[in-house]
Amino acid sequence: MKNKILLLLFLPLLFGCNGWLNVTPQSEVDEEDLFADGEGYRNSLNGVYSRISESDMYAQQLTWGFMDVLAQYYNFDKMNQYGAYPKAYKGDYDNNEVKGILENIWQGAYKSIANCNNLIQNIDKEDVTKFLGREGEKNMVKGEALALRAFLHFDLLRLFAPVAVELNGDKTGYVPVNDNNEYLPYCETHPAVFQKRENVQDYLDKVIRDLKDAKTLLATFDTVSSVRKDQLRTTNRLLGTAGAVEDLFYCFRGFRMNYYAATAMLARVYNYKGELQLAAEQAQEVIDNGSFPVKGDYAKPKQYEDVIFALSNRKLTELFEAYYTGTNKVLCVSNTALNKILGSDTYDYRGYYHMQNLDGANKVSKKYLPVSSDQGTIPNEIIPIIRTSEMQYIAGEYYASIKDYATAASRITVVKQASGAYTPVTVQSLEDYHKTWINDAYRTFIGEGQLFFLYKKLGTEFYSGMKDGAFVFEIPDSEDVTLNQ
């Protein structure tokens, strides 16, 4: 896969001892040499994708590992003695192993943000002639870097800060939480030294700004010609099996922050911010494009046709193997829990064909088990990050908020019926919609790390004995310095 998506270089940006945002390049590669030509910008951008696709981030902890443990997917009895995971499952965030996972996520994200900022600052002053694809490529590279910066900041916020909104009094929509506390910095310069922390609303405004700017830039690449539009079809953007190829760097757009990935991220952020109509508008743009259909397939556990943006790791199935084989079978879903979710949808692909029996009482998701296909190993390497299924859920919440309950229900029905689940969806209030959304999202998001964040956004107490503050993690001890002095 490496030669296809060009994950060539990670330029290390190491933290110094003087503060967690005192980020300066420590590599022997001089900045002027790195950006001497367009190839350097390509390598720098690919380095960000490569770094965040490692196991301490989206190849494990931010997807099927730590985040899905937090969401209570797995049978606790099977993971009872397994390191940080049982502690995280029970909400023991003071455990040193749990803190270690969070610190690695924190540092991996901020180092990757530093690389994005370094690229953005340098590319702004470059003439388009430095790039093989001229203005289109320059816009694409900067647009992807902006979108990645926003994406990483947003996930940091969802981990280390409280939600921005709460349900209004009559439970038909959201109002901002009255919280002016400052939690995290939004890093926009390189090097970034002791930047001021932001409150949640201002921070989210910057995420939205970056995604809107990224969309403007990426539109000049992804939407300007039939050839580039064709690269967004599933067979091209994820599998690379067809289509005209201008340059290998422009291919496999599903593994990059393409225009519609930035659009989908903007829908996710607006939704988290409680701006439901704006979220629905962005979600509908993705849906209407048609390149990312919600198309179930009993033989494809990742259902990757509707994956808008993915990351890639060639060792993904090997990483997962240690957690479901042998005597421990650590990360398995109990039949009891799964059957409770499925109800009468016994043969829903996501809970039936896409789960493998381990013993009489437990199953494991097939999303990260090795499969063979006409596309070779590529499906094994896909790490789903955002889907059109989520766009349907987001659009549906808007319709529920304006009391168009039939349309709201139809959006979840689209997702359910694509996977062979035909139990009718009934929605008569926003609260009804949320319950139905959680039930279906549980099935869609197995192995993808998103269910915990949905619980958080909706303020759902999803297990007995859940502790106050269970949705917000403390900033890692080694990085907790006073930024505002």
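Residues numbered from 1 in each chain as written. Predicted model: local features only at pLDDT ≥ 70, side-chain atom pairs only at ≥ 80, totals over all residues. Heavy atoms only, no water.

Caption draft 1: Examining the overall build of the protein more closely. On a plain count of helices and strands, the protein comes out with 20 helices and 9 strands. In the protein, the share of contacts with a sequence separation of at least 24, taken over all contacts with a separation of at least 6, comes to 71%. (Helix = DSSP H or I, 4+ residues; strand = E, 2+ residues; numbered from the N terminus. Contact = heavy atoms within 4.5 Å.)

Caption draft 2: Region of the structure containing helix H17 (residues 388-401). Between the first and last C-alpha of H17 there are 20 Å, a value that for 14 residues agrees with the 20 Å anticipated at 1.5 Å per step. Counting buried residues in H17 gives 13 out of 14 residues, a clear majority hidden from the surface. (Expected span 1.5 Å × (residues − 1). Buried < 20%, exposed > 50% of the residue type's maximum accessible area, 1.4 Å probe, protein only.)

Caption draft 3: Representation of the pattern of salt bridges in the model. In the structure shown here, the tally under the stated rule is 33 salt bridges. A salt bridge links Lys196 to Glu182, with the shortest nitrogen-to-oxygen separation between them at 2.6 Å. Of the two residues, Lys196 is situated in the loop between strand S3 (184-185) and strand S4 (197-198) and Glu182 in the loop between strand S2 (174-176) and S3; the sequence distance between them amounts to 14 residues. By relative accessible area, which is 35% here, Glu182 ends up partly exposed. Note that Lys300 and Glu305 form a salt bridge whose closest N and O atoms lie 2.9 Å from each other. With relative accessibility at 25%, the residue Lys300 sits in the partly exposed group. Note on Glu305: relative accessible area 8%, which makes it buried. Each of the salt bridges in this network shares a partner with another, and the network as a whole consists of Arg149, Glu188, Glu198, Lys206, Arg209 and Asp210. (Salt bridge = Lys/Arg side-chain N within 4 Å of Asp/Glu carboxyl O.)

Caption draft 4: Structural context of the pairing of strand S9 (residues 382-387). With 6 of its 6 residues buried, S9 lies for the most part within the structure. In this structure, strand S5 (residues 307-312) lies alongside S9, joined through 5 bridges in antiparallel fashion. Within the sheet, the bridge partner assigned to Phe309 lies in S9 and is Ile386. (Pairing = 2+ DSSP bridges.)

Caption draft 5: Region of interest: the side chain of Glu144. Counting through the fold element by element, Glu144 comes out in helix H8 (residues 134-160). Glu144 gets classed as buried once you look at its relative accessible area, which sits at 0%.

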